[in-house]
Every structure is written in C-alpha cells, then in structure tokens.
Amino acid sequence: MTEIIVVTSGKGGVGKTTTSASLSCGLARRGKKVAVIDFDIGLRNLDLIMGCERRVVYDFVNVIQGECTLKQALIKDKRLDTLFVLAASQTRDKDALTSEGVRRVFDELTAEGFDYIVCDSPAGIEKGAHLAMYFADRAVVVVNPEVSSVRDSDRILGLLSSKTKRAENGDGKVREHLLLTRYSPKRVAVGEMMSVGDVKEILGLDVVGVVPESVDVLAASNAGTPVILNEDSDVSRAYEDAVSRLLGETVPLRFIDEPKKGFFARMFGG
C-alpha cells in the first residue's frame, strides 16, 4: 500500500526541501521504493539539493498536462536505485497544478508499486501547498524553534484537519509529526530559542525528529547531495533517527541537550 507523506510548514526557509530529500533518501536506503515530488511550481529547488538539476527534461506540470508520460519525467537517483525525483516547473504558474492531475500521478505511482510518495510542499497556504497536503496520509510539519515559525505552523495544522481528502471523506485524520530544524541547545539554555518541550506543548504533536543547527546543511545543498548521506554529520544522524521513527521504530531523541564539557574544558574554559 502506497503511503503519501507531505513535508509542510507555514513559514518559508525552515528546511522543508532539505527534509524531503533526506527523508526520501533514508526511506530508500531501507529498501523502500520512493518518489519525491517538488510542488513548489515556479521555483524548483528539490532537483538542486538532489543533485539532478541537469537531468531534468520533463517536469511535474508536463506530466499533469499530458505533455509527457510519468516515466519520462521521473529521474532515477544515481546513488539509490529505488529513489526517483519528479521536479517542479520553473516556467509555469502554480495554477498549472490541478487536483485531478495530482490524483492521476499518485494513482500511477501507486500502480507502479511505490511504497512512499514524499511531497515537498511550498510554504504557506496557497494552491500548491493545498494540493501537496490534500491526498496525504501523513504530514511532517517542519518548524524552527521560534515563535513566528510555530505560530504559522499552527495554521497548517488547521488545514490538515479540515482541508484534506481524509477530512472530507471522514476517513480519519492525517497523521501529523513534528520535526524541529536548526535546533541549538545552547541558544535554548540562554532563552534565545524555544525548547523542544515548548514547541511540542504549543502544537500538540509528537516529535519525529530534532535536527541540530549545522553548517553541514548548506554545504550539502551546495554540493547537490542530501545531507543525510553525509554520515559524519550529526544532521545525518538526526534525519536517520527521524526515518526510523516514521517506520515505527522507538528511538530516543538526540541533540536536544548541550554536550557536557570535559574536565579540562571546565577547568580552563575551553
């Protein structure tokens, strides 16, 4: 049974595309057949982070408008045999997406035996974001631990509970997960950032992952390699933990406490 996961947020720049790429890679590394789709029509960043921008010939809108087949538009990842990317259009408007067209693409991916469809949603509540979440079975709500990001994500939760196919049909609600990005225990300790507990209490969601603040994210994006594939990075370990939790495994949260200083660091202020 194919499961549709939307990666969403109310605010831009919180790390949705990084998260979509990393979760997709993580699921594929577990042997799952995964398609990750860029719903951010007009901008198109997913292909850059996945390192396949030069291989884009046809895009999501081309498929929806019947200008090519889905198989022509899907780009097979060079690193993972069971991972495929469907890029967004850079030249079309978001109104080029239709509910019927999106449903048709999802139905075809289901018929092709995909285990997961990961939808990289644009920020906010416009049409692309609505269509990215409409057919979802699960939602990963990406939040920075700051007031504006948390507040805007609360609006997204309202849409997930009322403006999805599951809500309309009474098929049960979309399963919602909270993923915090750019988390810094040091900044939490001095009151510059909300804690995991603060965000969890406000949004009322279980935490699927806490991704530490790190320069590794930008370096990976610039290299066209999803950061989860940098196995020397704490960010990679955090995303691997999130994938494990999505698959139902019980994994303790890491990277939520400031590392304790050793004896010499305490003595000499290192």
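On a predicted model such as this, the values are computed, not experimentally measured, just so you know.

S.K.: Tell me about the pairing of strand 6 (residues 138-143), residues and numbers included.
M.R.: Along strand 6, 6 of the 6 residues are buried, which leaves the element largely enclosed by surrounding structure. Residue alternation in strand 6 divides its side chains into two sets, Arg138, Val140 and Val142 and Ala139, Val141 and Val143, and both sets are buried. Both strand 1 (residues 3-8) and strand 6 contribute to a ladder of 4 bridges, which runs parallel. Paired with Thr8 across the bridge in strand 6 is Val141. As judged from the 6 bridges shared by strand 6 and strand 7 (residues 175-183), these two strands associate in the parallel manner.

S.K.: Describe the pattern of salt bridges, naming the residues involved and giving the relevant values.
M.R.: The tally for this structure, following the rule as stated, stands at 19 salt bridges. As a salt-bridge pair, Arg79 and Asp77 come within 2.8 Å of each other at their nearest N and O atoms. Overall, Asp77 belongs to the buried group, its relative accessible area being 7%. The partner of Arg187 in a salt bridge is Glu192, with the nearest N and O atoms 3.5 Å apart. Overall, the relative accessible area of 54% leaves Glu192 in the exposed class. Beyond isolated ion pairs, a larger network of salt bridges with shared partners links Arg29, Arg30, Glu231, Glu240 and Glu249.

S.K.: Tell me about empty space enclosed by the protein, residues and numbers included.
M.R.: What the rule picks out here adds up to 1 cavity of 30 Å³ or more. Empty space within the largest cavity amounts to approximately 30 Å³. Lining the largest cavity we find Thr18, Ala21, Ser22, Ile49, Val217, Ala220, Ser221, Thr225, Pro226 and Val227. Breaking the lining of the largest cavity down by element, the ones donating at least two residues are helix 1 (16-29) and helix 11 (216-223). Classifying every residue of the lining of the largest cavity gives 6 nonpolar, 4 polar and no charged.

S.K.: Outline the pairing of strand 7, supporting the account with residue identities and numerical values.
M.R.: Among the 9 residues in strand 7, 7 count as buried, and that is most of the element. Pairing of strand 7 with strand 8 (residues 207-212) involves 4 bridges; the strand directions are parallel. Along strand 8, the bridge assignment pairs Leu178 with Val207.

S.K.: Account for the layout of surface pockets, with residues named and values stated.
M.R.: Empty space among the atoms becomes visible once a probe the size of a water molecule is rolled across them. A volume near 400 Å³ is recorded for the largest pocket. Lining the largest pocket are 22 residues, with Gly13, Val14, Gly15, Lys16 and Arg182 positioned closest to its centre. Mapped onto the lining of the largest pocket, the elements with two or more residues apiece are helix 1, strand 7 and strand 8. Tallying contributions element by element places helix 1 first for the lining of the largest pocket, with 3 residues. Taken together, the residues of the lining of the largest pocket sort by class into 7 nonpolar, 9 polar and 6 charged. Quantified by volume, the second largest pocket comes out at close to 310 Å³. What lines the second largest pocket is a set of 15 residues, among which Met1, Ile4, Phe135, Asp137 and Lys165 lie closest to the centre. Those elements that place two or more of their residues in the lining of the second largest pocket are helix 5 (99-111) and helix 8 (165-169). Looking at the lining of the second largest pocket, the element that brings in the most residues is helix 5, giving 4 residues. Looking at side-chain class alone, the lining of the second largest pocket contains 6 nonpolar, 3 polar and 6 charged residues.

Thresholds applied
All residue numbers here refer to positions counted from 1 along the written sequence of the relevant chain. This being a predicted model, a pLDDT of at least 70 is required before a residue's local features are given, and a value of 80 or more before pairs of side-chain atoms are given or counted; all residues contribute to the totals for chains, interfaces and linings. Heavy atoms throughout the structure, all of them, feed into the side-chain values; hydrogens and water do not. Remark: exposure states derive from per-residue accessible area (1.4 Å probe, protein chains only) relative to the maximum for the residue type, with buried under 20%, exposed over 50%, and partly exposed in between. Strands here mean DSSP runs of E at least two residues long; helices mean DSSP runs of H or I at least four residues long; both are numbered from the N terminus. Strands are labelled as partners when DSSP assigns at least two bridges between them. Each salt bridge in this description consists of a side-chain nitrogen of Lys or Arg and a carboxyl oxygen of Asp or Glu lying within 4 Å of one another. A cavity, in this analysis, means grid points on a 1 Å lattice covering only the protein atoms where a 1.4 Å probe fits yet has no way out; a pocket is instead an open set bounded by protein on both sides within 12 Å along at least five of seven lines, and a residue lines either one if it has an atom within 4 Å of a point. Grid points are joined across faces, edges and corners, and a volume is the space filled by probe spheres set on the points. Residues are grouped as follows: nonpolar covers Ala, Val, Leu, Ile, Met, Phe, Trp, Tyr, Cys and Pro; charged covers Asp, Glu, Lys and Arg; every other residue, Gly included, is treated as polar.

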